[in-house]
Amino acid sequence: MTKLIIILLSAVFINNYVLSRFLGICPFLGVSKKLDSAAGMSIAVIFVMLMATAATYPIQMYLLVPNDLGYLQTIVFILVIAALVQLVEIVLKRFIPSLHKSLGVYLPLITTNCAVLGVTILNIDEGYTFVEAMVNSLGSGLGFFLAMVMFSGVRSTIEGSDIPKSFKGLPITLIAAAITSLSFLGFGGVVENLFG
Amino acid sequence: MNTLKNFTKGLIKENPVLVLVLGTCPTLATSTSVINALGMGAAATIVLLCSNIVISALRKVIPNTVRIPCYIVLIAGFVTMVQMLVKAFSPALDESLGIYLPLIVVNCIILGRAEMFANKNGVFDSAVDAVGMGAGFTLALFLMATLREIFGNGTFCGIEIPVLADNHISIMTMAPGGFFVFGLLIAAVNKFAKNKPKKKDFGCQGCPQAEVCGKAGCNNAVKEAAEND
């Protein structure tokens, strides 16, 4: 149990996908302008990360590894994720239209989001069990959510300030991301010490 | 002449990282040392070259409606090949690039070039375009890695630099330094670039997910950068 908590907390704070592993930077810079879209996008990411892990982990363990096909991992995972996202979209549209309305726009974007492919591959590389892998995916998704929501607040403050001309737009956003990421460095080592 | 133009546009005028702002994840993640940056640049260039050649050769065969999945499978195939080659010939590089090597699959530069260039142009032109874009990607990575390694570690390609080695700023090689140096480089490009690329040349119009993406506001960062100049 303690191990699961450590995995969850370190995925959220220490190995934050956006701010320390640099995965999913495109949505982080693109969709973080408004709080609504930042939250919508991250909830869709959490959802797809969990689904993708639940689908790819058994494929890797029971299909690819026993048949000595480990080298097909990249191709199989990206196809499974792409098909899964399509499937989720169709199912949502048919059965839960209200949810589809709020998350639907973000779903196709997620197929080529490196955070989702990243989490599925990292789960295998780290040698997690199925439960640990799911917890890690949840933590990673929550970390993404936290970074997006925090950063959308930072960005709304930047909007109103006086910025040198050449720094306007993307450069100042990246500098702000640097400072946000600096604050996350402070979490390093906290979780291990907390649970001894 | 035209071929030369095709090649050089990727280096400076339409540099995929610094001007088009594509492929930011590997740029930030693998620019901690010059060797890593060059390795990543080379791997991505090889994948880009192979995928551009094959996609442009097959551009009349692949049905338009299923082109994106086809491209992704092709790209994933080449990435797997490069991954195996790196594992076999340079295990140290494989170790340090880690997860970012398989993640070349979702690098938007590669899918972007397939969609913007290779499916409209001939094999030779596409190959030239791929080499130019790959070189531009590598150049941007090299620049970032040089700055980060020199200031963050006091070394260049592993060779110690006398004064800086004793006074290095370790934060530059860590995550915040990546964002910081990238921000400074783009600001410098904004400052010094004289001929801005035409807006239609890059960004969302060429992106396979332009329509959806525009709704989600994904192109805002790129658009903003272009508008503010």
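Residues numbered from 1 in each chain as written. Chains lettered and ligands numbered in written order. Predicted model: local features only at pLDDT ≥ 70, side-chain atom pairs only at ≥ 80, totals over all residues. Heavy atoms only, no water.

**Looking at the overall build of chain B**
For clarity, the threshold we go by: Helix and strand definitions follow DSSP, with helices as H or I runs of at least four residues and strands as E runs of at least two, each counted in order from the N terminus. Between buried and exposed lies partly exposed: a residue is buried under 20% and exposed over 50% of the maximum accessible area for its type, with that area taken using a 1.4 Å probe on protein chains only. Contacts between residues were defined by any pair of non-hydrogen atoms, one from each residue, lying within 4.5 Å. Under the convention used here, a 1.4 Å probe and the Shrake-Rupley method define accessible areas, while residue burial counts only the protein chains that appear.
Helix and strand counts for chain B stand at 11 helices and 2 strands. Along chain B, helices (α) and strands (β) appear in the sequence α-α-α-α-α-α-α-β-β-α-α-α-α when read from the amino end. Residue burial in chain B is summarised as follows: out of 229 residues, 52% are buried. Within chain B, contacts between residues separated by at least 24 positions form 74% of all contacts whose residues are at least 6 apart in sequence. Just so you have it, chain B exposes about 10100 Å², and 67% of that area is on carbon and sulfur atoms.

**Notes on the side chain of Thr 173 of chain A**
Residues and elements named next belong to chain A. Looking at the element boundaries, Thr 173 is found in helix H9 (residues 170–185). In this structure Thr 173 comes out as buried when scored by relative accessible area, which is 4%. Here Thr 173 is in contact with Leu 29, Phe 151 and Arg 155, once residues within four sequence places are set aside.

**Quick look at the nonpolar core**
We count it as follows: For this analysis, a nonpolar core means a set of buried residues of the types Ala, Val, Leu, Ile, Met, Phe, Trp, Tyr and Cys, connected via side-chain atoms within 4.5 Å.
Among the nonpolar cores identified, the biggest contains 108 residues, and Phe 28 and Leu 117 of chain A together with Phe 179 of chain B are the most heavily contacted of them. Setting aside its immediate chain neighbours within four residues, Phe 179 of chain B contacts Val 18, Leu 19, Phe 22, Ile 25, Leu 174, Ala 177, Ala 178 and Ser 181 of chain A together with Leu 28 of chain B.

**Quick word on the interface of chain A and chain B**
So the rule is basically this: When two parts are put together, the accessible area they lose, computed with a 1.4 Å probe and summed over both, is reported as buried area. We count a salt bridge whenever a side-chain nitrogen from Lys or Arg sits within 4 Å of a carboxyl oxygen from Asp or Glu. Polarity classes work like this: nonpolar for Ala, Val, Leu, Ile, Met, Phe, Trp, Tyr, Cys and Pro, charged for Asp, Glu, Lys and Arg, and polar for all others, with Gly in that last group.
Taken together, the contact between chain A and chain B spans 44 residues of the former and 46 residues of the latter. Across the chain A/chain B interface, buried area totals approximately 4000 Å², and carbon plus sulfur atoms make up 78% of it. For the pair chain A and chain B, the interface holds 0 salt bridges. Those elements that provide at least two residues to the side of chain A that touches chain B are helix H2 (25–30), helix H4 (73–95), helix H6 (107–111), helix H7 (114–125) and H9 of chain A. For the side of chain A that touches chain B, the leading source of residues is H9 of chain A, giving 9 residues. Residue classes in the side of chain A that touches chain B are distributed as 29 nonpolar, 10 polar and 5 charged.

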